[in-house]
Amino acid sequence: MAITHNLGFPRIGARRELKFALESYWKDQSSRDALKAVGAQLRERHWKHQARVNFVPVGDFAFYDQVLDMSFTLGNLPERVRGFHGDALDNYFRVARGRSAQAADEHVACCSGVAAGEMTKWFDTNYHYIVPEFTAATNFSLDATRLVTQIAEARAAGVNVKPVIIGPVTYLWLGKSKDDSDRLALLPKLLPVYGALLDTFAAQGIDWVQIDEPALVTELDAKWRDAFVTAYDSLSVRRVRLLLATYFGQLQENLELACTLPVDGLHIDAINARDELAQAAAILSDTSVLSVGAINGRNIWKTDLNAVLAWLEPLAKQLGERLWIAPSCSLLHVPVDLDSEQKLDAEVRSWLAFALQKLDELKLLADALNNGRDSVGSALVANAKAIHHRRTSLRVNNPVVKAALARIDAALGQRHSAYAVRAPKQAALLKLPAFPTTTIGSFPQTAEIRHARSEFKAGKLDTAAYKAAMQAEIARSVREQETLGLDVLVHGEAERNDMVEYFGEQLEGYAFSQFGWVQSYGSRCVKPPVLFGDISRPGAMTVEWITYAQSLTNKPMKGMLTGPVTILNWSFVRDDQPRSVSCRQLALAIREEVLDLEKAGVRVIQIDEAALREGLPLRRSQWNEYLQWAVESFRITANGVRDETQIHTHMCYSEFNDIIASIADMDADVITIETSRSDMELLDVFDHFKYPNQIGPGVYDIHSPNIPSRESIVQLMKKAAGRIPAERLWVNPDCGLKTRQWTEVTPALTNMVAAAKVLRSQLL
Ligand code: GLN
Ligand code: ZN
């Protein structure tokens, strides 16, 4: 009998109920009790949905973030919030985002306005967690209330409960030491609290506990590997059974360690590590459970159930009762229910599975294993049909695109001349002053713009009226920029709601869901477009807007595009070909746009690669391979232009010390990056690495409403000029301005332009 279980369920709700409840509470439009009630309803609904599997996760729900929940459970709150009073949920939000609701809170004065917790990416996903903070003096104390309450709720909902917690080693691994102390030194203080938590579970009559240790799929040095041994030796004496869960990758050199820890079961992500299953089965003790993550918890494709059964059946025979099956990881990373989708193209829809459909697939696999394939024969036939249809569809396979891909050669990504030859030609054409000023692309998305777009989408505004509204907005931003005295202008991106969706909607091979939301952090969700087929570009996507903008000014107007790597990394991508292939297809499509812009007389073209760094694999040993095809894709996109055309790229993060050589390899003429928040510290990298081309280190943080002073900008740029020759520096903000108000943008850019004048007079 194969047992089924689930590792975690999306908490946001099929209609983003949690998002709306949170935001309404934070805006003082609803009560704390109303918010708590929405949380309880969602948990109950989700448990009932999951009742079709044998063990259901409890503890995966969080009002903001599961790692922050764990910090509260372990009594590990940052020093700065120690004195907080009042309601626990409010304190939780203060740690998460600096403040909770205001009106209902008697503690606004004493407890609000702290720094929000630092957020970072959860492994290689687009989910962001609140980083646990440690110092040498950190102590832990158990608060199991949340888990105990939810266990009772889940039982009342009639499901078989399996609590889910983050394991002690991964918990430390995820955190940051605030005083440079060794966070592993805290393990002896942490383990008794975990022990007490397990005892609490035992007292509740819990049998199995899922303890997540995804750090095991990363490269660990000896002391971290030893920590696993210490931790689980200490926890193994407790009266519950532990299922150690790993996911997001292969265990590789940690496989033996994971298989020999004194736990009762091990979960392996078979999507990434199927070839490790046999070895794991051989090493595990003959009483240990092997849980196989057979269904992809990260993508939205239907599983090829017959293909999975072909390799799963022998394993089931070998392991019998000891085989568990599950999704590869928590379903947090996929939308809830495909049945919500009413507008999705029927053909594409028939290829997809969201969280609920994935649980159905899991049940089907278990039935086939336990009662024979015939017991679910017709479902397997239907599944095979859908898989076959997708594999052979002409919308997925476009021979023209495949042929174009086969023609890619080394010359395609090569500029005609080296930077040293191009730069003077561009300078002669553009006639820019030293320290040229520019912005990153978007200007404020005003209420009017958003209104016009939604009316247009709803069919209430016709194309001509919509176009007129967008052109009026473009004209306004051009006027503003001329008044400000900026040197290289942008059209402002009024027509784009999202820098990936805008292009996806115009490319062949993309589909869009209505409710395919995935939590990014807190109440923030994204709806990644679905890249399902070979990519082609039926027509120009941006040329009309950019040439209109250029027609309004004599200053150079930047063409504005999203690069192939970013489009790829922010989409649900195909599982039937390598990411590198999809990326090259995108590169060819965006390349055509670049060339069309150039043909239309655009002299400066920016290709944003905001998400290039995000795509780095978890293991460093795999970085090179990724960087090679990512950089190649960018080069294919950008480098078909004449020497005179200036290529910009933009990256909105600061840590690229470790990938600077690849960034330089992209060979953009100008790169704009985020630096102001690190006080230009990131430019340290240029002490060692002679970046050959031009750089615009962002001079102010666009995430903050604060207006940067002229002096602060001059100071930052002087720091930059200490490392990069002044004649290769640009002056620009950190990122696009679409989330700001014009009342913030105008004074900020006024100071930025004034600072550039000071720099020209003082540094040249
Ligand atoms: N051009 C985009 C903008 O200005 C870049 C956004 C980004 O880097 N995230 O909005
Ligand atoms: Zn950016």
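Residues numbered from 1 in each chain as written. Chains lettered and ligands numbered in written order. Predicted model: local features only at pLDDT ≥ 70, side-chain atom pairs only at ≥ 80, totals over all residues. Heavy atoms only, no water.

Per an unreviewed UniProt entry, the protein chain is named 5-methyltetrahydropteroyltriglutamate--homocysteine methyltransferase, and its organism is Paraburkholderia humisilvae. The annotation that UniProt attaches to the protein chain under Function (unreviewed entry) is "Catalyzes the transfer of a methyl group from 5-methyltetrahydrofolate to homocysteine resulting in methionine formation." The record held by UniProt for the protein chain lists under Pathway (unreviewed entry) the comment "Amino-acid biosynthesis; L-methionine biosynthesis via de novo pathway; L-methionine from L-homocysteine (MetE route): step 1/1." (UniProt positions renumbered as here; feature names shortened; annotations may be inferred.)

Peer 1: Got a minute to help me understand the overall build of the protein chain in this structure?
Peer 2: Tallying secondary structure elements over the protein chain gives 29 helices and 21 strands in all. Scaling as 2.2 N^0.38, a compact globule of 764 residues should have a C-alpha radius of gyration of about 27 Å, and the protein chain matches this with 27 Å. Expressed as lengths along the three principal axes of its C-alpha atoms, the size of the protein chain is roughly 75 × 65 × 55 Å. Put simply, the protein chain has 764 residues, and 59% of those count as buried. By element, 52% of the accessible surface of the protein chain is carried by carbon and sulfur atoms, the whole surface being about 28800 Å². Here the protein chain holds 84 positive side-chain charges and 92 negative ones, and the gap between their average locations is 3 Å. (Helix = DSSP H or I, 4+ residues; strand = E, 2+ residues; numbered from the N terminus. Rg over C-alpha atoms; globule rule 2.2 N^0.38 Å. Buried < 20%, exposed > 50% of the residue type's maximum accessible area, 1.4 Å probe, protein only. Areas by Shrake-Rupley, 256 points an atom, 1.4 Å probe, with all protein chains shown as cover. Lys, Arg positive; Asp, Glu negative; His and termini not counted. Charge placed at Lys NZ, Arg CZ, Asp CG, Glu CD.)

Peer 1: Just to check I follow, could you spell out the site of ligand 1 for this structure?
Peer 2: Taken together, Ile440, Gly441, Ser442, Glu493, Met499, Met560, Asp608, Ala610, His650, Cys652, Cys735 and Gly736 are the residues near ligand 1. For ligand 1, a nitrogen atom lies 2.8 Å from a polar atom in the side chain of Glu493. Separating an oxygen atom of ligand 1 from a side-chain N or O atom of His650 is a distance of 3.1 Å. Look at ligand 1: alone it shows 300 Å² of surface, and the protein chains cover 91% of it. (Near = heavy atom within 4 Å. Polar contact = N/O pair within 3.5 Å; in protein donor to acceptor, adjacent residues only side chain to side chain.)

Peer 1: Help me understand the state of the cysteines, please; the structure alone is not making it clear to me.
Peer 2: Here, the word disulfide means a covalent bond between the sulfur atoms of two cysteines. Applying the stated criterion to the full structure yields zero disulfides. Distance from the sulfur of Cys259, which forms no disulfide, to the nearest cysteine sulfur (Cys329) is 19 Å. Take Cys259: its relative accessible area is 5%, and that puts it in the buried class. We note that Cys329 lacks a disulfide partner, and the nearest cysteine sulfur, in Cys525, lies 17 Å from it. (Disulfide = S-S within 2.5 Å.)

Peer 1: Where do I start with the UniProt feature "binding site: L-homocysteine" (unreviewed entry) in the protein chain in this structure?
Peer 2: The UniProt entry lists Ile440, Gly441, Ser442, Glu493 and Asp608 under the feature "binding site: L-homocysteine" (unreviewed entry), expressed in the numbering used here. Across 169 residues of sequence, these annotated residues stay compact in space, with a maximum C-alpha separation of 12.8 Å. For Gly441, the location among the structural elements is in the loop between helix H18 (419-430) and helix H19 (447-457). With a relative accessible area of 0%, Gly441 lands in the buried category. The residues contacting Gly441, other than those within four sequence positions of it, are Val490, Gly492, Glu493 and Met560. Relative to the assigned elements, Ser442 resides in the loop between H18 and H19. (Contact = heavy atoms within 4.5 Å.)

Peer 1: Explain the pairing of strand S21 (residues 694-697) here, please?
Peer 2: Within a regular strand, the side chains alternate between the two sheet faces. A two-sided burial pattern is seen for S21, the buried positions comprising Gln694 and Gly696 on one face and Ile695 and Pro697 on the other. Examined bridge by bridge, strand S20 (residues 670-673) and S21 share four bridges and lie parallel to one another. Across the sheet, residue Ile671 finds its bridge partner in S21, namely Ile695. (Pairing = 2+ DSSP bridges.)

Peer 1: Looking at this model, I keep getting lost on unusual backbone geometry. Mind explaining?
Peer 2: With glycine set apart, most residues show a phi of negative sign, and most peptide bonds adopt trans. The residue Phe123 is not glycine, and still its phi comes out positive at about 50 degrees. The class for Phe123 is buried, based on a relative accessible area of 8%. Unusually for a residue other than glycine, Phe248 sits at a positive phi of about 85 degrees. On the secondary structure map, Phe248 appears in the loop between strand S9 (241-245) and helix H10 (255-260).

Peer 1: What is the right way to look at the pattern of salt bridges in this model?
Peer 2: Counted according to the given criterion, the structure contains 48 salt bridges. The closest approach of N and O atoms between Asp669 and Arg415, which form a salt bridge, is 2.9 Å. Within this pair, whereas Asp669 is found in the loop between helix H26 (660-665) and S20, its partner Arg415 is found in the loop between helix H17 (399-406) and H18, the two being separated by 254 residues in sequence. The residues Asp669 and Arg415 share a single accessibility class, namely buried. One salt bridge in this structure joins Arg642 and Glu598, with 3.9 Å as the shortest N-O distance. Taken as a pair, Arg642 in the loop between helix H25 (623-638) and strand S19 (646-651) and Glu598 in helix H24 (residues 579-599) lie far apart in primary sequence, 44 residues in all. (Salt bridge = Lys/Arg side-chain N within 4 Å of Asp/Glu carboxyl O.)

Peer 1: Sorry, what's going on with the side chain of Asn299 here?
Peer 2: Among the secondary structure elements, Asn299 is positioned in the loop between strand S11 (289-295) and helix H13 (305-319). Residue Asn299 is classed as buried on the basis of its relative accessible area of 8%. Here the side chain of Asn299 touches Trp301 through a polar contact of 3.1 Å, landing on its backbone nitrogen. Apart from the residues within four sequence positions on either side, Asn299 is in contact with Val334, Ala353, Lys358, Phe572 and Asp575.

Peer 1: What is the right way to read the sheet that holds S20 from this model?
Peer 2: Pairing in this open sheet of five strands is parallel, and the strands run S17-S18-S19-S20-S21 from one edge to the other. On the outer flanks of this sheet lie strand S17 (558-562) and S21, each paired with one strand and no other. Pairwise comparison of adjacent strand axes, ignoring direction, gives a mean angle of 20 degrees for this sheet. Along the sheet face, H24 touches S17 and strand S18 (604-608) and points at about 175 degrees away from the line of S17. (Axes fitted to C-alpha atoms, helices over the stretch in contact; angles between N-to-C directions.)

Peer 1: Mind showing me how you'd approach H19 here?
Peer 2: The α-helix winds at 3.6 residues per turn, so residues separated by three or four positions along the chain end up facing the same way. Looking at H19, one finds that the buried residues are Ile449, Ala452 and Arg453. All buried residues of H19 lie within an arc of 95 degrees about the axis, which places them on one face of the element. Set apart from the buried face of H19 by more than 90 degrees, the exposed residues are Ala447 and Glu448. The elements touched by buried residues of H19 are helix H20 (463-484). Where H19 terminates, the next one or two residues include Gly459, which has phi positive at roughly 80 degrees. (Arc of directions from axis to C-beta.)

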